[in-house]
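Here are the chains, one letter per residue:
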Amino acid sequence: MAFGSGNFSDYVGISLTIAVSFTNFMGTFGCNISARLAGDTYSPMEMIQLDGMGTAIGALLGSPFPTTTYIGHPIYRRLGASRGYSIVNGLLYLVIGLSGLFGIVAAIFPLEICLGQLACVGMIIVQQTFESSPTRWYPAVVLGIAICFADLMTNPYVGSSNPEIAQFAVGYVFKSFTTTWALVMLIDRWFLAASLVFLFMVLFTTIGLQHSNLFGFVYDTNGHHMGGVSGAPYTWKLIVTYALCGAFCLLMWGLQKAGKILKPEEDDFRVQQRAAYSMAEPKTEPTK
């Protein structure tokens, strides 16, 4: 009923809703991993369900903003915050929101104060990222973070109008994710896995999850995604580039299987991830 409403479609469409939902899922799951690395384990399913219910309830009450798990668990934990911190936060926002005091609060406290807090949280998250990654993956981590700076460079404070930068900025969450993943696989010489990542990049670019601000299979006569950046390379060129990268990785995998090039890194990243992030109870040997 909502998507069929003429008034609703004037403001937001199903493409934007799906894209925001994907982004919120990645944000929530990332926060879950961050909390787990800091020593607190929560169910990813419960967190995502609560985010969805919070967004739905807020929408019924007139809120245009989706909810997602707030980032920064490690630093709040270091400061001694626990459940009470979130409860006080919720009550404070409830009182300020219902009383209409947000305008006064915003006038008293400059936006830069909030941005400084986010920068502090961001630095802790970056530190945690490096600490949980093997040193050989550092180039991939740095590149993934660098891609995210494209979004910063195109915001009103910086105002870059460079179309190549803007093309990285639209859908940067997915672009950072896939590029980092691909480079990690290439560093470890897991060429078959790298080819699959490039296949994801082909798919994400085709439907507008990266290099575009519009979700869907919508193109102009030049083969450029309708949500792509004007003046940047055409979307079809990006798709072909990722497809060729995937094909090259398949070729390297074939040479690897034939013993012509170095074998994959013996340190299996999947085993590491299961050991660090699995929600399953560890198996114990029966006592004799």
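Being a predicted model, the structure only gives us computed values, none of them experimental. (Residues numbered from 1 in each chain as written. Predicted model: local features only at pLDDT ≥ 70, side-chain atom pairs only at ≥ 80, totals over all residues. Heavy atoms only, no water.)

Colleague: Looking at this model, I keep getting lost on the packing of aromatic side chains. Mind explaining?
Modeller: Pairs of aromatic rings are described using the distance from one ring centre to the other and the angle between the two planes. Following the criterion strictly, the structure yields 10 aromatic pairs and no others. Centroid distance tryptophan 190 to phenylalanine 269: 5.2 Å. Interplanar angle 80°. Geometry classified as edge-to-face. Residue tryptophan 190 is found in the loop between α10 (172-187) and α11 (191-206), and its partner phenylalanine 269 is found in helix α13 (residues 269-277); the two are separated by 79 residues along the sequence. Judged by its relative accessible area of 17%, tryptophan 190 falls in the buried class. Ring centres of phenylalanine 200 and phenylalanine 204 lie 6.0 Å apart, and the angle between their planes is 45°; on these two criteria the pair is classed as tilted. Taken together, the residues span about one helical turn, with phenylalanine 200 and phenylalanine 204 both in helix α11 at a distance of 4 residues. For phenylalanine 200, a relative accessible area of 36% gives the class partly exposed. For phenylalanine 204, a relative accessible area of 14% corresponds to the buried category. Following the ring pairs from residue to residue traces out a cluster consisting of Phe174, Phe177, Trp181, Phe200 and Phe204. (Phe/Tyr/Trp six-rings, centres within 6.5 Å; stacked < 30°, edge-to-face > 60°. Helix = DSSP H or I, 4+ residues; strand = E, 2+ residues; numbered from the N terminus. Buried < 20%, exposed > 50% of the residue type's maximum accessible area, 1.4 Å probe, protein only.)

Colleague: Help me out: how do you make sense of the side chain of histidine 211 in this one?
Modeller: Within the secondary structure, histidine 211 sits in the loop between α11 and α12 (235-257). Only 3.3 Å separates the side chain of histidine 211 from the backbone oxygen of glutamine 167, close enough to count as a polar contact. A polar contact is formed between the side chain of histidine 211 and the side chain of tyrosine 242, at a distance of 2.7 Å. Discounting residues that sit within four places of it in the chain, histidine 211 has contacts with Gln167, Val170, Lys175, Thr205, Gly228, Leu238 and Tyr242. (Polar contact = N/O pair within 3.5 Å; in protein donor to acceptor, adjacent residues only side chain to side chain. Contact = heavy atoms within 4.5 Å.)

Colleague: Would you take a moment to explain the nonpolar core for this structure?
Modeller: Side chains of a nonpolar character, in soluble globular proteins, are inclined to be buried together. The biggest cluster of nonpolar side chains holds 17 residues, and the ones touching the most others in it are Met185, Phe198, Met201 and Tyr242. When residues of this core are traced back to their parent elements, those giving at least two are α10, α11 and α12. In terms of residues, this core owes the most to one element, α11, which gives 6 residues. With residues near it in sequence (within four places) discarded, phenylalanine 198 still touches Ala182, Leu186, Tyr242, Cys245, Gly246 and Cys249. With 5 residues, the next largest nonpolar core counts Ile75, Val121, Ile124 and Ile125 among its residues. (Core = buried A, V, L, I, M, F, W, Y, C linked by side-chain atoms within 4.5 Å.)

Colleague: Would you mind showing me how to read the environment of leucine 262 here?
Modeller: Residue placement: leucine 262 occurs in the loop between α12 and α13. Once the C-alpha coordinates of leucine 262 and arginine 189 are considered, the two residues, 73 residues apart in sequence, prove to be 7.9 Å apart. The residues touching leucine 262, leaving out its near neighbours within four places in the chain, are Arg189 and Gln256.

Colleague: Can you help me understand the packing of helix α7 (residues 111-131) against helix α8 (residues 138-153) in this one?
Modeller: The angle between the axes and the distance between the axes are what describe a pair of packed helices. Interhelical geometry of α7 versus α8 gives an angle of 155° and a closest axis separation of 10 Å. Here α7 lies roughly antiparallel to α8, going by the angle between them. α8 is crossed by α7, and the crossing has right-handed handedness. For the pair formed by α7 and α8, the contact residues are Val126, Thr129 and Phe130 on the first element and Tyr138, Val141, Val142 and Ile145 on the second. A class-by-class count of the residues in the contact of α7 with α8 yields 6 nonpolar, 1 polar and no charged. (Axes fitted to C-alpha atoms, helices over the stretch in contact; angles between N-to-C directions. Parallel < 35°, antiparallel > 145°, perpendicular 65-115°, else oblique. Left-handed = near helix turned anticlockwise from the far one by under 90°. Nonpolar A, V, L, I, M, F, W, Y, C, P; charged D, E, K, R; others polar.)

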